[in-house]
Amino acid sequence: MNRFKTSKYKNTTPKIPKKDGWIANVRGGSFSSQGKHIKPSCSLVAFNTDHAGGGMLGLSSVNAGADGKWSVTQISCHADLVTDLDFSPFDDYLLATCSADQTVKLWRLWDVDQDQPSNAEVTLSPADGRLELLLFHPAASALLAVASAGGVQLWDINRDSALTVLEPHADQLQGLSWKEDGSLLASSCKDKKLRLFDPRAQPSAVQCVQAHQGNRDSRVLWVKDDNLLTTGFNQVRQQEVRLWDSRKLTSSVSALSLATSNSTLIPLFDSDSGLLILSGNGESVIDCFEVNTSEPFLSQVSQCVADSSSRGVCLLPKLALDISCCEVLRLMQLTENFIVPISYQVPRKAGQDFHADLYPDTVGHTAAMSADEWWKGDNKQVERVSLHPSKRPKPAAPSAQEKAQKDISRGKSKEEASSSSSPLSSPSSSAVPSRSPSSTSGLSSGFVPSPSPSQSSRAIHNMLGPSSKFRHIQGSVLHRDTHITNLRGLHLTTPGECDGFCANGQRVAVPQAIAGGQIAVFELSQPGKLPDTALPTIQNSVNVADFCWDPFDPHRLVVAGDDAKIRVWQIPKGGLQETLTEPECVLRGHTEKIYSVKFHPHAIGLLVSSSYDLTVRLWSLKTGEQVKQLSGHQDQIFGMAWSPDGKLLATVCKDGKVRLYDPRKSTSPIQEGPGPEGQRGARVVWVCGGKFLMVSGFDSRSERQLYLFSAESLASGSLASAPADVSPSTLIPFYDPDTSVLILTGKGDTRVFIYEIVPEAPYFMECSSFNSSEPHKGLCFLPKTECDVRDVEVARAVRLGKTTIEPVAFRVPRVKKEFFQDDVFPDTAVWWESSLSAADWLSGSDGQHRKISLRPKDMTPVSEAPKEAPVRKYLPSSVYLEEKTDEQKKEELLSAMVAKLGNREDPLPQESYEGVDEDEWDD
């Protein structure tokens, strides 16, 4: 631009609507990732939410409904945080997502007022660790760039493997951008380098240059012609914008320093107008610049101060703008509770003529070529279309098959959708050959319809594998009124074998960081803020190693100490009113510090303990004597677990072995097999009715892993394993035998892992995880009777934080909550009632818990719910296809006019008025 020539966009003004023009009920996520937190198409806006630990996306329409309000819905996408998302430039309803769970998924979305899919139609597994970025190709259909922490892969989503893998980056990859013609790919990295790739020519970078001097995050974006723009930080920690010429990438063409801030600058560029938006994550200031190819390269147009700080920003596609008011950009700002549409308008006389100078032809919605054609060397460009209202391309009408499939998808209930895949549908603009049902899927700018719904469902099931009905399980902290707050002096460094705290249905025991091994006991029925004064405690006189509640007596607490003694305490009814110093009894026998203590699941008063003396001992609380001593361990005993029937005891040891004991028949292990290779810690729990052992531990690289062993053949090693993540704390498992759901978390973690365990491959079926904003000490689960079955709550736990005890509910989303969900609430065992005495068990008897139904008397099981008759929502096509004669049309028009005017034979209103007599006119 000539410096003396005035830009037609220089007076572009941002306009923020009133609050009733914002998209509400958003709950925008604030998770840390390199990707976009919000992305629009011409029809929909998808965005990160704080639901399900970031694994769910929010979805809204671009424009408000007839009532002037927006509908917002959620779609569960991944078992872990969604790190990036992108809509296809050629299909408003095709969304790609990538996640920390190392997968890429493609979703066929519907309008917001319809049921969204429960399963992705394609899942890609780049197998390159946590994925950070993804980006559709701007010209070729079905071509996707996927980036992990250090590398980039190109995928044709019609294939089962990557087209190419680019040379790894030296550090964390932070930005990715395609050139407008799709020939080159640019990346920015934590190593401060800007790289250019020609993926079809070579996997290594064709150019590489030092970009910004600062150590904070950077971003890259192609702008006009051959120019690149990067955002980052300079040496004095100021936000910095640099413009580069890709033909000579030795130094930047221009540099601009902005404010001193810690926020990463997110650049957005409109190639038609040359306008650049810069917004810092966590900031409320939004700048607008015009990018030029000559001096001045960057000229500021406006600065907007929003009402709330940004969690993400995006620009609507040009075809979605309102040209009647001279709108040249529309920015969607994601905040904590709203999406704010900010309209950038050029002051012109609106609503008159089409301003062709403001709206040059823009890129259309039809792909220029397929991914295969691009990979073979084609460089076709997307056809441009006019924004003039009379010249805009009309969306093609869907085919009859698509309509039928759409009606099927609409008519499904959410329960049906959660257990089966929705039929495939395809926009009519797609023109890609169909693939066989056994292959991954047929995707292009849209999806190719399958031959039949049944074949489609089978193909998707084969591709995705079995799915858990608990995959959308949601954890949520209950209302603050149920919290116990103002906890002080917590002991946060309990031994690794200890769960950190313990709870039953009535009270919680928490260790205190006070000399003498003191334990505080809080009543769950008395939530609220604790006083600042000292509270009564249990004084053990030595450091606490482990402790647990008697499952059959909610007032009995057993505490193991560093002095090799086990103390049994009786808590008064109503809770602690004064400090306890004398235990009910003391168990003596171990010669060294105790690791852990566990109660028998059936026999009352039977306790097992493990110690540094490498023995496992069984105790009778009734007599206060040791009754059995087990041997065979060669190192530290990490964990113990009784089998569900109480016959066998499993242990996992630091010597890398998993052992199985039958204490009544032998003091030595009856089975032994290889366990986790790592030596940091481990836990063991019985699953699937006692057929399998699940061990959480560490592998040889100190990464947390889950292992599944057959209880009948430990020597054969693990049947399956599942990676968790990298963390120093041992995952502590809780297993619900009613649902076969496994819930795990570690001390100091913020994430709770959830799996369904099945007795056949794939064994571990990952479900949505639960994330908290602050680290917790751990979770303790309460009896099943504490769950609110009316709200489909399958598990209830209490979470110990730094200063709080908070109840956490785990719920399964269901539509028909008025019915009792008997498929997730079978009769449950009353494990809080004993079935025999310790003496009976030692003599060879076995017990079994009675079972009860959780169904309230006023609820009908969902399996007995009346079947709803299908209702036709739309008129048959014959109504619309029927041709009417001119006479019929004329008759309908006349009838409508007469009905509006009313009956002409009706008397006029004034005819009914009463007058006065004639003689009354005389004076």
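Since the model is a prediction, treat every value here as computed from it, not as a measurement.

Turning to the overall build of the chain, a few remarks are in order. When helices and strands are tallied, the chain shows seven helices and 67 strands. Within the chain, buried positions represent 53% of all 923 residues. Pairs at least 24 residues apart make up 52% of the contacts formed inside the chain by residues separated by at least 6 positions. Here the chain displays about 41600 Å² of accessible surface, and carbon together with sulfur accounts for 48% of that area.

With that out of the way, let us pick up the side chain of His212. With respect to the helices and strands, His212 occurs in the loop between strand 18 (207-210) and strand 19 (219-222). For His212, the side chain forms a polar contact with the side chain of Glu240, separated by 2.9 Å.

Let's shift gears to the sheet that holds strand 20 (residues 227-233). The strand order 19-20-21-22 describes an open sheet built from four strands, whose pairing is antiparallel. Of all strands in the sheet, those bounded by a partner on one side alone are strand 19 and strand 22 (254-260). When the angles between neighbouring strand axes are averaged without regard to direction, this sheet yields 15°. Here strand 20 runs beside strand 21 (residues 238-245); their pairing, made up of seven bridges, is antiparallel.

Now for the pattern of salt bridges. Going through the model one piece at a time under the given rule, you end up with 42 salt bridges. Across the pair Asp736 and Lys784 runs a salt bridge, and its minimum N-O distance is 3.0 Å. Of this pair, Asp736 sits in strand 57 (residues 732-736) while Lys784 sits in the loop between strand 62 (778-781) and strand 63 (793-800), placing them 48 residues apart in sequence. The exposure classification of Asp736 matches that of Lys784, with both residues buried. Linked by salt bridges that have partners in common, Glu180, Asp270, Asp272, Lys318 and Arg384 make up one network.

In this section: the UniProt feature "repeat: WD" (unreviewed entry) in the chain. Mapped onto the present numbering, the UniProt feature "repeat: WD" (unreviewed entry) falls on residues 75-109, 166-198, 587-629 and 630-662. With 0% helix and 66% strand, residues 75-109 has end C-alpha atoms that lie 9 Å from one another. The span residues 630-662 is 0% helix and 52% strand, and its two end C-alpha atoms sit 10 Å from each other.

Pairing between sheet strands relies on hydrogen bonds along the backbone, with the strands arranged either parallel or antiparallel. Judged by pairing direction, the sheet is antiparallel, and its four strands sit side by side in the order 35-36-37-39 without closing on themselves. Each of the sheet's edge strands pairs with one partner strand only, and the pair in question is strand 35 (502-503) and strand 39 (537-539).

Moving on to the environment of Leu243. Structurally, Leu243 is set in strand 21. Put simply, Leu243 and Leu221 are 22 residues apart on the chain and 9.7 Å apart in space, counted from C-alpha to C-alpha. Here Leu243 is in contact with Val223, Asn227, Leu228, Leu229, Ser252, Val253, Ser254, Val291, Asn292 and Phe297, once residues within four sequence places are set aside.

Burial analysis of strand 47 (residues 616-620) places five of its five residues in the buried class, the great majority of the element. Here strand 47 shows a buried face lined by Val616, Leu618 and Ser620 and a second buried face lined by Arg617 and Trp619. Relative to strand 47, strand 46 (residues 606-611) runs antiparallel, the two sharing five bridges. Bridge pairing in strand 47 links Ser609 to Arg617. Between strand 46 and strand 47, which pair antiparallel one after the other, the connecting turn spans four residues, and Leu614 there sits at a positive phi close to 65°. The antiparallel hairpin formed by strand 47 and strand 48 (residues 625-630) contains four residues in its connecting segment, where Gly624 sits at a positive phi of about 70°.

A separate point is a nonpolar patch on the surface. There is a patch of nonpolar side chains on the surface, built from Leu893, Leu894 and Met897 and spanning about 300 Å² of accessible area. Relative to the helices and strands, Met897 is located in helix 7 (residues 886-901).

Attention now goes to the nonpolar core. Within the largest apolar cluster, 42 residues are counted, with the highest numbers of intra-cluster contacts made by Ile38, Ile277, Val328, Leu331, Met332, Ile339 and Tyr344. Counting residues per element, the ones that place at least two in this core are strand 3 (44-48), strand 23 (265-270), strand 24 (275-280), strand 25 (285-291), strand 26 (298-305), strand 27 (312-315), strand 28 (327-334) and strand 29 (339-345). Ignoring anything within four residues of it in the chain, the contact list for Leu331 reads Leu268, Ile277, Ile286, Val313, Cys314, Leu315, Val340, Pro341, Ile342 and Tyr344. Ranked by size, the runner-up nonpolar core spans 23 residues in total, among them Ile473, Val741, Phe810 and Leu854.

What follows concerns the packing of aromatic side chains. This structure, assessed with the given rule, holds 13 aromatic pairs. Pairing Tyr595 with Tyr612 gives two aromatic rings, centres 4.3 Å apart and planes at 35°, and the pair type is tilted. Here the residue Tyr595 occupies a position in strand 44 (residues 594-599), and Tyr612 occupies one in the loop between strand 46 and strand 47, the gap between them amounting to 17 residues. With a relative accessible area of 3%, Tyr595 lands in the buried category. Judged by centre distance (6.0 Å) and plane angle (80°), the ring pair of Phe770 and Phe810 falls under edge-to-face. Of this pair, Phe770 sits in strand 61 (residues 770-771) while Phe810 sits in strand 64 (residues 805-811), placing them 40 residues apart in sequence. This pair shows no difference in class: Phe770 is buried, exactly as Phe810 is. Ring-pair connections join several aromatic residues into one group, and the members of that group are Phe734, Phe770, Phe781 and Phe810.

Moving on: the side chain of Ser263. By the secondary structure assignment, Ser263 is in the loop between strand 22 and strand 23. A polar side-chain atom of Ser263 sits 2.9 Å from the main-chain carbonyl oxygen of Asn281. Excluding residues within four positions of it along the chain, Ser263 makes contact with Phe233, Gln239, Gly280, Asn281, Gly282 and Glu283.

Reading the values: the criteria
- Residue indices begin from 1 for each chain and proceed along its sequence in written order.
- Given that this is a predicted model, residues contribute local features only at a pLDDT of at least 70 and side-chain atom pairs are listed and counted only at 80 or more, while totals for whole chains, interfaces and linings are drawn from all residues.
- To get the side-chain values, take all heavy atoms of the structure and skip hydrogens and water.
- Helical segments are the DSSP runs of H or I of at least four residues, strand segments are the runs of E of at least two, and each set is numbered from the N terminus.
- Relative accessibility thresholds used throughout: buried, under 20% of the residue-type maximum; exposed, over 50%; partly exposed, between the two (1.4 Å probe, protein chains only).
- Only heavy atoms matter for contacts: two residues are in contact if any of them lie within 4.5 Å across the pair.
- Per-residue and other accessible areas follow the Shrake-Rupley method at a 1.4 Å probe size, with only the shown protein chains counted as cover for residues.
- Polar contact criterion, stated in full: a pair of N or O atoms within 3.5 Å, where within protein one must be able to donate a hydrogen and the other to accept it, and residues adjacent in sequence count only if both atoms are side-chain atoms.
- Any two strands between which DSSP finds at least two bridges are classified as paired.
- Note on geometry: axes are lines fitted to C-alpha atoms, helical ones only across the stretch in contact, with angles between N-to-C directions running from 0 to 180 degrees.
- Each salt bridge in this description consists of a side-chain nitrogen of Lys or Arg and a carboxyl oxygen of Asp or Glu lying within 4 Å of one another.
- UniProt positions are given in the numbering used here, feature names are shortened, and annotations may be inferred rather than shown by experiment.
- Note that patches include only residues with greater than 30% relative accessible area and no salt bridge, and the join distances are 9 Å for like charges and 5 Å for nonpolar side chains (Val, Leu, Ile, Met, Phe, Trp, Tyr).
- By convention a nonpolar core is built from buried Ala, Val, Leu, Ile, Met, Phe, Trp, Tyr and Cys residues, the set being connected through side-chain atoms within 4.5 Å.
- Any two of the Phe, Tyr and Trp rings considered here, Trp counted by its six-membered ring, make a pair once their centres fall within 6.5 Å; the pair's planes then place it as stacked at under 30 degrees, edge-to-face at over 60, or tilted in between.

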